Amino acid sequence: MGEYIEDRESSYYWFGDEDERILEVIAARYIGANPPIPFALRTFSKTGILQTAEGLYDMDFPAKLPHAEDGDYVYAYGLVWSDGERAIDGVLEPLGPVRLFVNEKLEYRSTVVDELDPKARIKVPLVFTSGWNTLLIEARKTPSGFGCRFGADEAKVRILQVLAPFADRQGSAGWVYSEPVKTACFGGSDQGQAYPDWQGSEAATGLKWFPAVKWPEQSQGLPNLERICGNPAQPAAAYAWSSVRIPASADRIELSGTVRGTTHIWVDDSLATTVTGGGPFHVQTEVQPGVRQIVVRTENAKEGWGFELAAEAGGKPLAFTEPVKVHGNPGTWLYLGPLPAERMLKPQEVRTLKKPLDGLGGCIYWAVDAPETRVRPFYENAMLSNKWTTEGATNFGRWDYPLGVTMYGLLRTAKELNRPDIRQYALSHISSCTEMYEYSLWDREEYGFPGINHQLVLLRMLDNCGSFGSAMLEAYLDGAEQAEFRKIADTIADFMLHRLERREDGAFYRRCEGEYSADTMWADDLYMSAPFLTRYSMVTGEADAINEAAKQFLRFKRYLYMSDQQVMSHVYDFKYGQPTLIPWGRGNGWVLFSLSELLERLPETHEDREELLTMFRELSQGIAALQSDSGLWHQVLNRPDAYLEASCTAMFVYAFSRGVRFGWLDREGPYIEAALKGWRGLAAQVIDRQGNVHGVCSGSRYSFSPDYYMEDLRTVRNDNHGIGIMMLAAVEVLRLKALRSSKEGR
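These numbers come from a predicted model, not from an experiment.

J.: Just checking my understanding: could you explain the pattern of salt bridges for this structure?
T.: Working definition: two side chains of opposite charge can pair if their charged atoms are close together. In the structure shown here, the tally under the stated rule is 58 salt bridges. For Arg374, the salt bridge identified is with Glu446, shortest N-O distance 2.7 Å. Remark: Glu446 occurs in helix 10 (residues 437-447) and Arg374 occurs in strand 24 (residues 373-378); sequence separation between them is 72 residues. We note a salt bridge from Asp400 to Arg398, for which the minimum N-O separation is 2.8 Å. Classification of Arg398 by relative accessible area gives buried; the value is 6%. Because the salt bridges share partners, they merge into one network encompassing Arg412, Glu474, Arg535, Glu597, Glu600, Arg601, Arg658, Arg661 and Glu732.

Right under this line is the structure:
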């Protein structure tokens, strides 16, 4: 048996030295397991519970329920979906007496000390089971406060997406909260009452819940757009968007209805009619069978603001359907307004959810016909746990650093195998993030915390931007032009070059005040910065970024290099004034991998090139000496009793292959042998015949003790930290073998 799999299960057993097929099966498995499922579009009320900039749900009930009296109870209720068992750390900041129930089990009850301490912050372990999970918070009003703030620790990474309970709100996002009551109603209270039925109607609970989902009686009789947008004193316009299915037997449809102000109606991109002023209308227009998009633009008037529209074909009515799937939409139309009346948009400019538009009084986005209720996109694919990776759901659409390596691996794989379909998949993942960048910035400003692109929007450290940004620029340099690519790259570059924390000598480090990692330097951050800076210089033609990358390697070496063993310490802790002296495998992998990326593009005449080449050679020599007989390297490089780890092995194979291919190493033979031996070990012991990748260490913190890396950081199958680099190692081995063949054929 190999290190992680039976010999018969290994890719090497079935494919031998056909490295292209091994590369293909890794890529195919990843793409198959991560289908391109888009962001979830859900209705969301801005009058509901919003999040803080840290991502905690802000349940400050005095602001929402000013008439509540001391002693009153209020309940907040929500649902969380989990694709498998998921453990995260919750954070609760009580503002008064609070109880938290998870899946109808009491997980936290505030103490008198918590309730009276304005800085109280309690970590509550949360374990979600596969499927639906319930969260119920009971808050009681006292003079000390009323409510709490609650959410996930590291909320931009370990997302806690809460949906509304009750059949009346099915599909909507956000918590619901009750009216104040005089006695405890739920959660095993003294009265012994049960928990609310999240699948039933909210009326069955006997309480009134907020935010409201139905219009008050005085609004129900108003025209639709006046109900949704009000009726501004100045001239204004709004758009509505729906769709209709035209039967195969029809070549025309009839549109009829009533409007209050001047109105235009389009079927797809063709103007069907213009109604000047208000009143009834009836028109016929030619159409093609199939689903057709309907866009209505209507202006406000003294008589009100809105429209009624009906469609029929061959004398039979046609039902309008949602133009895009919006969970929780009570109707079949989306609404956008108010806009200045003089602004006329083409229908194809309107039919998009990628960005907000400038309206009267600020930016606007799509709404539905319900009180203060908008459409909002959410990332709801694979969610990260305390173990970092979760299996069972697609990673598509997430911007984070391990997936940056994965996208880079897919792009290089596509080019190596001449597979445009693989390239298109990677581009679609990258673009799903970048094309919504402008929206996600607005979403954060509008709601306090973004629903998508969490790490890109909440840009606070290198982990949030460098890796995925580098993959984005790799796509850009390969001809995938998108305006957002450059805009995002400029923002990331400005952050790295001008706003990132530095030591006195200019070295990047992590300030992270109040966190466990405060005042530290991580070897990982050379990967999180240098490949992006290198590519940014290639894009802009300006040398500042690549010069910075070169200097960072030399600065980091002064802090982290263990000269006696020619490897890098994982972390330097400035709180203690010393490195941890733990040569973590993947930490060293990040350094050598990234140094090879820099050297490939650094000008031959660059002032730091020779010193960087020396660094590459020294690290290569030290790392090669620590390779095990299996071909793999250990999780802690200098500890033979540590387990054999796949991702660092792939990085060393990648770097050695490139070192030989580009002529950076003094003696090629030992490194060719080490690279091929490492790849053979991966193919025989780590990569199975289905393309699953075993033996990858999960996401890391840091320690001065090797036991943390060897015992606490265990391996995870198909962890995203290892899939991309496995593909990249295969690409470089193929090129190394091609180079050897060309030399032998001379």
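J.: Hey, could you run me through the sheet that holds strand 4 (residues 86-94) in this one?
T.: Sheet strands pair by backbone hydrogen bonding; their relative direction is either parallel or antiparallel. Taken in spatial order, the 4 strands line up as 2-9-4-7 in an open sheet, and their pairing is antiparallel. Across the chains shown, the open sheet's two edge strands, defined by having one partner strand only, are strand 2 (57-60) and strand 7 (122-128). Neighbour to neighbour, the strand axes of the sheet diverge by 20° on average, direction disregarded. Pairing analysis gives 5 bridges linking strand 4 to strand 9 (residues 147-152), with the strands arranged antiparallel. Its bridge partner lying in strand 9, Glu93 is registered against Arg149.

J.: Would you mind showing me how to read the sheet that holds strand 28 (residues 571-573) here?
T.: Reading across the sheet, the 3 strands line up as 25-28-29 and stay open at both edges, with antiparallel pairing between neighbours. At either margin of the open sheet sits one strand with a lone partner, and together these are strand 25 (520-522) and strand 29 (578-579). Here helix 15 (residues 544-560) sits on the sheet in contact with strand 25, strand 28 and strand 29, set at roughly 115° to strand 25.

J.: Where do I start with the pairing of strand 17 (residues 290-299) in this structure?
T.: Along a regular strand, successive side chains alternate from one face of the sheet to the other. Burial of strand 17 is extensive: 7 of the 10 residues sit out of reach of the surface. As defined by bridge partners, strand 12 (residues 236-246) adjoins strand 17 across 10 bridges and the pair is classed as antiparallel. Bridged to Arg245 within strand 17 is Val291. In terms of strand pairing, strand 14 (residues 263-267) meets strand 17 through 5 bridges, oriented antiparallel. In the sheet register, Trp266 faces strand 17, and the bridge partner there is Val295.

J.: Please clarify how the packing of aromatic side chains should be interpreted in this entry.
T.: The description of an aromatic ring pair rests on the distance of the ring centres and on the angle between the ring planes. If you walk through the whole model with that rule in mind, you get 44 aromatic pairs. Ring centres of Trp132 and Trp198 lie 5.9 Å apart, and the angle between their planes is 50°; this geometry places the pair in the tilted category. Taken together, the residues span a long stretch of sequence, with Trp132 in strand 8 (residues 131-140) and Trp198 in the loop between strand 10 (176-178) and strand 11 (209-210) at a distance of 66 residues. Given the relative accessible area of 38%, Trp132 is considered partly exposed. Considering the side-chain rings of Tyr576 and Phe704, the 5.6 Å spacing of their centres and the 90° angle between planes classify their relative orientation as edge-to-face. Taken together, the residues Tyr576 in the loop between strand 28 and strand 29 and Phe704 in the loop between strand 32 (696-697) and helix 20 (706-712) connect sequence positions 128 residues apart. Among the aromatic residues, those joined into a cluster by ring pairs are Phe44, Tyr365, Phe378, Tyr439, Trp442 and Tyr447. Above the plane of the ring of Phe44 lies Arg376, whose end atom (NZ or CZ) is 4.8 Å from the centre. Stacked on the ring of Tyr516, the Lys or Arg Arg701 has its end atom at 4.7 Å from the ring centre.

What counts, and where the lines are drawn
- Residues numbered from 1 in each chain as written.
- Predicted model: local features only at pLDDT ≥ 70, side-chain atom pairs only at ≥ 80, totals over all residues.
- Heavy atoms only, no water.
- Salt bridge = Lys/Arg side-chain N within 4 Å of Asp/Glu carboxyl O.
- Helix = DSSP H or I, 4+ residues; strand = E, 2+ residues; numbered from the N terminus.
- Buried < 20%, exposed > 50% of the residue type's maximum accessible area, 1.4 Å probe, protein only.
- Pairing = 2+ DSSP bridges.
- Axes fitted to C-alpha atoms, helices over the stretch in contact; angles between N-to-C directions.
- Contact = heavy atoms within 4.5 Å.
- Phe/Tyr/Trp six-rings, centres within 6.5 Å; stacked < 30°, edge-to-face > 60°.
- Lys NZ or Arg CZ within 6 Å of the ring centre and 35° of its normal.

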